[in-house]
Amino acid sequence: MRIAYFSPLNPVPSGISDYSEDLLPYLGAEAEVDLFIDRGYRPTNPDLAAHFAIYPYPRYPRLARRRPYDVALYHVGNSPAHDYIVSTLERYPGVVVLHDFVLHHLMLWRAVRHGNGSAYRQAMAAYGAAGERVATEMLSGRLSEEAFEYPLCEGVVRAARGVIVHSRYVAERVRAIRPEVPLAVVPMGVPLPALPERAEARRRLGLPAEALVIASFGHVNPYKRLEPALRAFRRLREEYPDALFLVVGSLSPHLDLPGLVARLGLEQAVRVTGFVDFPLFLGYLAACDICVNLRYPTAGETSASLLRILGAGVPTLVSRTGAFAELPPEVAIQVDVGPDEEEELYAFLRYLAGHPEARRVFARNARDYVATHHTLERAALEYLRFLGEICGKPAPDRLTHPPLFTPPTARAVSVPEALPTQPCVPVAVEIVAEALADIGLHENNRATLRSVAEVLHTLPELLEE
């Protein structure tokens with residue numbers, strides 16, 4: 001099978017870049033895969049250049065005419081990194097991997113970037129008067145949570161020869177748009193993380209050896225539900241006065257986290273790291289006892305970072321919403337979003353804090369779940385079967401070759417002895433970058449957000465469209 005593979009790759013630090021670089025060594029061992037990337041960068045992973053042909057996407061039509069591909073595979077997520085992919089899909093239909101059901105913020109960005117606000121308004125008008133109102137607000141810079149109610153993924157779904165999703169939640173919504181489209185639910189594959197030793201991680205990160213450590217990972221915005229989580233944590237501190245709460249991720253200007261921490265009197269109990277790279281992410285993951293991974297509303301995403309947390313064997317609380325509600329109750333503890341959210345959070349945190357044996361059970365269940373249901377081998381095999389059905393090629397019963405190389409996120413790393421300082425970024429650019437993150441871009445997209453922000457900051461006339 002000959003596949004044209006469209007996806008961002010590192011150094012575009014998108015979660016989908018990491019996803020593809022984990023999947024490709026398995027997919028490429030069984031099929032002939034060419035990679036098509038955006039202009040202006042070269043992949044930093046030398047294994048990709050050693051095993052795959054890599055082309056800027058404008059070369060796809062000529063290469064496809066010279067030697068046709070059996071299928072074009074387009075990875076689409078709610079991020080500007082996928083602009084070139086949607087543009088190519090519109091001209092050359094193929095199979096779409098829909099990482100987010102809500103593509104609203106990508107489509108808004110494309111309208112602004114390409115000076116085509118009228119197309120965005122027209123698409124939103126299809127949702128009725130409420131859609132038109134939200135479009136006006138978004139184009140004027142008033143970011144609205146209502147945007148999550150208008151996915152703007154219909155054009156992508158209608159252009160697809162087939163659709164791959166990672167959850168039943170998204171599958172049902174795709175079916176409602178286009179009932180006849182070939183559709184496959186393929187579990188997201190992630191390697192089990194190679195964690196550093198817990199005590200050493202705590203020492204290098206400057207964390208107490210024995211204190212209860214709770215952590216939240218990912219970009220911090222109002223949708224991450226930190227206020228109810230910290231209120232519950234404050235109550236927990238009455239019984240566990242040495243407990244710490246780590247906030248590991250970049251901060252949004254639309255959430256006054258320092259003010260919230262101060263109002264709750266938690267200045268000495270909450271540590272905010274800012275954005276961290278993968279070795280530090282693994283270090284904090286190894287060091288924590290409980291993870292709080294909440295979000296509402298959802299763009300329909302399946303979170304690779306959450307699967308890595310579960311694969312690391314960390315007991316985790318998640319919001320009962322979207323794809324997260326599909327996790328078995330013995331794997332992740334689900335918390336309702338609503339008036340009882342703080343009470344539920346406090347009850348679950350208190351129970352886990354006081355029952356280390358329960359933490360061990362959840363840890364074992366979580367790691368076993370990821371190791372059984374979210375392997376890269378299974379993901380690659382299901383990709384190949386579905387793509388074979390689409391293009392009329394025989395599908396393998398099992399993978400017959402070892403992966404071409406070890407996936408990057410499966411490699412052991414060391415926690416650095418000295419914690420890095422955050423780079424200085426112009427304030428206006430930082431604000432734009434954080435605002436883009438708030439409206440739905442992936443939590444690992446920090447560098448991409450900044451590069452996009454720099455473009456928008458130098459093109460104010462586009463922002464006035």
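Presented here is an overview of the structure given in this document. (Residues numbered from 1 in each chain as written. Predicted model: local features only at pLDDT ≥ 70, side-chain atom pairs only at ≥ 80, totals over all residues. Heavy atoms only, no water.)

**Observations concerning the overall build of the protein**
Phase 1 of the analysis: The helix and strand tally for the protein stands at 20 helices and 13 strands.
Phase 2 of the analysis: Within the protein, contacts between residues separated by at least 24 positions form 71% of all contacts whose residues are at least 6 apart in sequence.
Phase 3 of the analysis: Split by element, the accessible area of the protein, about 19000 Å² in all, is 52% carbon and sulfur. (Helix = DSSP H or I, 4+ residues; strand = E, 2+ residues; numbered from the N terminus. Contact = heavy atoms within 4.5 Å. Areas by Shrake-Rupley, 256 points an atom, 1.4 Å probe, with all protein chains shown as cover.)

**Section: the nonpolar core**
Phase 1 of the analysis: If you look at the biggest cluster of nonpolar residues, it comprises 99 residues, and the most contacted ones within it are Phe6, Leu98 and Val174.
Phase 2 of the analysis: Residue contacts for leucine 98: discarding those within four places in its chain leaves Val76, Leu103, Val156, Val157, Val163, Ile164, Val165, Val170 and Val174.
Phase 3 of the analysis: Grouped together as the second largest cluster of nonpolar side chains are 32 residues, Ala232, Ala243, Ile290 and Leu294 included. (Core = buried A, V, L, I, M, F, W, Y, C linked by side-chain atoms within 4.5 Å. Buried < 20%, exposed > 50% of the residue type's maximum accessible area, 1.4 Å probe, protein only.)

**Quick word on the packing of helix 15 (residues 341-354) against helix 16 (residues 356-373)**
Phase 1 of the analysis: Contact pair helix 15 / helix 16: the axes reach a minimum separation of 5 Å and the direction vectors enclose 105°. One element, helix 15, and the other, helix 16, form an angle in the roughly perpendicular class. Only Pro356, Ala358, Arg359 and Phe362 of helix 16 make contact with helix 15, whose side of the interface consists of Tyr351, Leu352, Ala353 and Gly354.
Phase 2 of the analysis: Among the residues making up the contact of helix 15 with helix 16, the classes are represented as 6 nonpolar, 1 polar and 1 charged. (Axes fitted to C-alpha atoms, helices over the stretch in contact; angles between N-to-C directions. Parallel < 35°, antiparallel > 145°, perpendicular 65-115°, else oblique. Nonpolar A, V, L, I, M, F, W, Y, C, P; charged D, E, K, R; others polar.)

**A look at the sheet that holds strand 12 (residues 316-319)**
Phase 1 of the analysis: In spatial order, the strands read 10-9-8-11-12-13; together these 6 strands make up an open sheet with parallel pairing. The outermost strands of the open sheet, each flanked by one partner alone, are strand 10 (270-274) and strand 13 (333-335). On average, adjacent strands in this sheet sit at an angle of 20° to one another, irrespective of strand direction.
Phase 2 of the analysis: Where strand 9 (residues 244-248) meets strand 10, 4 bridges bridge the pair, whose relative direction is parallel. (Pairing = 2+ DSSP bridges.)

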